[in-house]
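# Examining the three-dimensional arrangement
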Amino acid sequence: MNRLLAYGAIVGPILFAFAWVVLGLISPGYTMWDIVVPAYSPIAQPISGLGLGVTGPYMNAAFVVGGLLLLAGVVGIVRGIEEIATPTRWVSGALLALTPLGMVIDGLFTLESFFLHFLGYLLGIGSTVVSFFVVGRVLRRVPRWRDLGDALRVASVVTLVLLAVAQVTFDPMASGANVGVAGLTERMLILEVLVWFVLMGWSVVRSPRATSELTLRSAA
């Protein structure tokens, strides 16, 4: 069961990334607060802009479905690492679950509900600066997960740097005029975060214990 759930940490991010890549290429623009944005540029504009206009229903569905799949993946990840104590497992799971929770919030509340949407963004992305570091420290104590733990601690720092770059390069007026690279820097940040969830999910899926359990079920 843990192995099956962990697949959510792989499928959810892939689905979400596929949605914003495809929709970013076909979006004709959108209207926000009666302001018409006549064209959409993936380089200049954030992914959240795809949650408005004709691409809105599809992008928002990707936020929610991708978030729910990733949440299932988080459950599979923390349950699949059996060497950690139960209280630590709960803390690690709660921290990692903030990312899929943020995705669902962003799918339910678009840019026009700016405060709630930004809250979802902070939960989804900003929380990983802490969650990756904490989970990394936990995994370093488990011999077979030590390498991933070290990598997650580095990922925490990388995420913080990319988050700062994304915030510095974001200018709402420039993005609306398709000027600048705010869309590109945001996509780099989000892709980096999603890759680490995929790696955690894949590590659980490919762990010897999960594989042996699947073999025993197949034999039964």
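Everything numeric here is computed off the predicted structure, so don't read it as measured data.

Moving on to the overall build of the protein chain. Scanning the protein chain from N- to C-terminus turns up ten helices and two strands. When the helices and strands of the protein chain are listed from N to C terminus, the series reads α-α-β-β-α-α-α-α-α-α-α-α. Taken along the three principal axes of its C-alpha coordinates, the protein chain extends 60 × 35 × 25 Å. Within the protein chain, the fraction of its 220 residues that count as buried is 49%.

Turning next to the packing of aromatic side chains. Summed over all chains, the structure comprises five aromatic pairs. Aromatic pair F114 and F118: ring centres 5.9 Å apart, planes at 10°, arrangement stacked. Taken together, the residues span about one helical turn, with F114 and F118 both in helix α5 (residues 114–126) at a distance of four residues. Of the residues examined, F114 reaches a relative accessible area of 44% and is grouped as partly exposed. Residue classification places F118 among the partly exposed positions, given a relative accessible area of 33%. Through a chain of ring-to-ring contacts, three or more aromatic side chains come together here, namely F114, F118 and Y121.

Attention now goes to the pattern of salt bridges. Using the criterion set out here, one finds two salt bridges in the structure. Close ionic contact of R144 with E83 constitutes a salt bridge, the shortest N to O distance being 2.5 Å. Of this pair, R144 sits in the loop between α6 (128–140) and α7 (146–169) while E83 sits in the loop between α3 (56–80) and α4 (86–108), placing them 61 residues apart in sequence. Given the relative accessible area of 36%, R144 is considered partly exposed. The residue R140 makes a salt bridge to D150 at a minimum N-O spacing of 2.4 Å. Of the two residues, R140 is situated in helix α6 and D150 in helix α7; the sequence distance between them amounts to ten residues.

Where α5 meets α7, the closest approach of the two axes is 11 Å, and the angle between their N-to-C directions is 150°. With respect to α7, the axis of α5 lies roughly antiparallel. Side by side, α5 and α7 meet where Y121, I125 and G126 of the first sit next to T159, L163, A166 and Q167 of the second. When grouped by side-chain class, the residues that make up the contact of α5 with α7 number four nonpolar, three polar and no charged.

Next up on the list: the nonpolar core. Within the largest apolar cluster, 50 residues are counted, with the highest numbers of intra-cluster contacts made by F16, M59 and F132. Looking at this core, the elements with two or more residues in it are α2 (8–26), β1 (30–32), α3, α4, α5, α6, α7 and α9 (182–205). Among the elements that take part in this core, α9 stands out by supplying nine residues, more than any other. In this view, F16 contacts I47, M59, A62, F63, M103, I190 and L194; residues no more than four positions away in its chain are not counted.

Compared with an ideal rise of 1.5 Å per residue, which puts 23 residues at 33 Å, α4 spans 32 Å between its outermost C-alpha atoms and is within 8% of the ideal. If you look at α4, its biggest bend is around 30°, right at L98, and the proline P100 turns up within four residues after that.

Confidence along the protein chain averages 89 in pLDDT terms, with 94% of residues attaining 70 or more. Below pLDDT 50 for its whole length, residues 211–220 participates in five contacts with residues either more than four positions away or in separate chains.

Take the side chain of N60 next. Residue placement: N60 occurs in helix α3. Residues in contact with N60, not counting those within four places in the same chain, are G51, D106, G107 and T110.

Turning next to the environment of G201. Tracing the backbone shows G201 in helix α9. Separated by 133 residues in sequence, G201 and L68 have C-alpha atoms that sit 14 Å apart. In this view, G201 contacts A6, A9, I10 and I77; residues no more than four positions away in its chain are not counted.

So, on to the environment of V168. Looking at where V168 falls in the secondary structure, it is placed in helix α7. Between the alpha carbons of V168 and A182 there is a distance of 8.5 Å; along the sequence they are 14 residues apart.

Rules used throughout
- Residues numbered from 1 in each chain as written.
- Predicted model: local features only at pLDDT ≥ 70, side-chain atom pairs only at ≥ 80, totals over all residues.
- Heavy atoms only, no water.
- Helix = DSSP H or I, 4+ residues; strand = E, 2+ residues; numbered from the N terminus.
- Buried < 20%, exposed > 50% of the residue type's maximum accessible area, 1.4 Å probe, protein only.
- Phe/Tyr/Trp six-rings, centres within 6.5 Å; stacked < 30°, edge-to-face > 60°.
- Salt bridge = Lys/Arg side-chain N within 4 Å of Asp/Glu carboxyl O.
- Axes fitted to C-alpha atoms, helices over the stretch in contact; angles between N-to-C directions.
- Parallel < 35°, antiparallel > 145°, perpendicular 65-115°, else oblique.
- Contact = heavy atoms within 4.5 Å.
- Nonpolar A, V, L, I, M, F, W, Y, C, P; charged D, E, K, R; others polar.
- Core = buried A, V, L, I, M, F, W, Y, C linked by side-chain atoms within 4.5 Å.
- Expected span 1.5 Å × (residues − 1).
- Bend = angle between axes of the 7 residues up to and from the residue.
- pLDDT = per-residue confidence, 0-100.

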